[in-house]
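Residue-level structure breakdown
Spelled out from the first residue to the last, the chains are:
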Amino acid sequence: MSRLVSSSQPRTSLVRWALFVIPVIMLLGSLSGLVAGSTTQNAWYQTLIQPAAQPPGWVFGVVWPTLFFLMGLALAMVLHARGSRYQTPSIALFVTQFLINLTWSPVFFHYHKVTAAFYIILVMLVMAIATTVAFARVRKAAAWLMVPYLVWISFAAILNFQIDNLNPDAESLYVPAVTSQIGSGG
């Protein structure tokens, strides 16, 4: 009996999933941060007292795209996995934790709700752990791809907690907008 599927077809299907999912995850993650103004150049953020463990700003610019790439690849692997009864719940958990992730930057950087952001990151961490466990039931490699994300958001939760403690008035800090005055000729 001849084979209906070539041996390279399953690999090609994973590549197609990855080529779609990874850019979507990276784009949504980047847009969330961009819209929220989540950079070290954020004037409000610059006024905050930073914890000793705070990494330099460029680290965030390297870590987050890398994490979004790994998360996208993990999701693509789970989407590609056919026949697993854990696939649908795994995808639902991933989407939930990712949507929670997308809310953190606006809450922290745009609305300056440092305490609320801390609780959001705790829920995100719990959901990301649940996602990783569910991914392990579908594809162990997908779960391993989530581990750096778990480590980073654990560290980010600690930073968020320390920033909250060091800046109890963070929400009420007023940072005037930068304006330029054009002198009237005279």
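The paragraphs below set out a description of the structure included in this document. (Residues numbered from 1 in each chain as written. Predicted model: local features only at pLDDT ≥ 70, side-chain atom pairs only at ≥ 80, totals over all residues. Heavy atoms only, no water.)

**A few points about the overall build of the chain**
The following threshold applies: Runs of E in the DSSP output that reach at least two residues are strands. Runs of H or I that reach at least four are helices, and both are numbered from the N terminus. Between buried and exposed lies partly exposed: a residue is buried under 20% and exposed over 50% of the maximum accessible area for its type, with that area taken using a 1.4 Å probe on protein chains only. Contact between two residues is taken to exist if any of their heavy atoms lie within 4.5 Å; hydrogens are not considered.
Along the backbone of the chain there are six helices and zero strands. When the helices and strands of the chain are read in sequence order from the N terminus, they spell out α-α-α-α-α-α. A total of 186 residues make up the chain; the buried ones form 40% of that total. For the chain, contacts bridging at least 24 residues in sequence account for 80% of all contacts bridging at least 6.

**Some remarks on the pattern of salt bridges**
Quick reminder of the rule: Salt bridge criterion: a side-chain nitrogen from Lys or Arg within 4 Å of a carboxyl oxygen from Asp or Glu.
A full pass over the atoms with the stated rule returns one salt bridge. Residue Glu 171 is joined to Lys 113 by a salt bridge in which the shortest nitrogen-to-oxygen separation is 2.9 Å. Of the two residues, Glu 171 sits in the segment after α6 (140-166) while Lys 113 sits in the loop between α4 (87-110) and α5 (114-138), which places them 58 residues apart along the sequence. Among the residues examined, Glu 171 registers a relative accessible area of 49% and is labelled partly exposed. The class of Lys 113 is partly exposed, set by a relative accessible area of 33%.

**A look at the side chain of Gln 87**
Structurally, Gln 87 can be placed in helix α4. Among all residues touching Gln 87, those that are not within four sequence positions of it are Val 78, Leu 79, His 80, Ala 81 and Val 138.

**Regarding the environment of Ile 129**
With respect to the element layout, Ile 129 can be found in helix α5. Look at Ile 129 and you get partly exposed, because its relative accessible area is 42%. As a C-alpha pair, Ile 129 and Val 147 span 18 residues in sequence and 8.8 Å in three-dimensional space.

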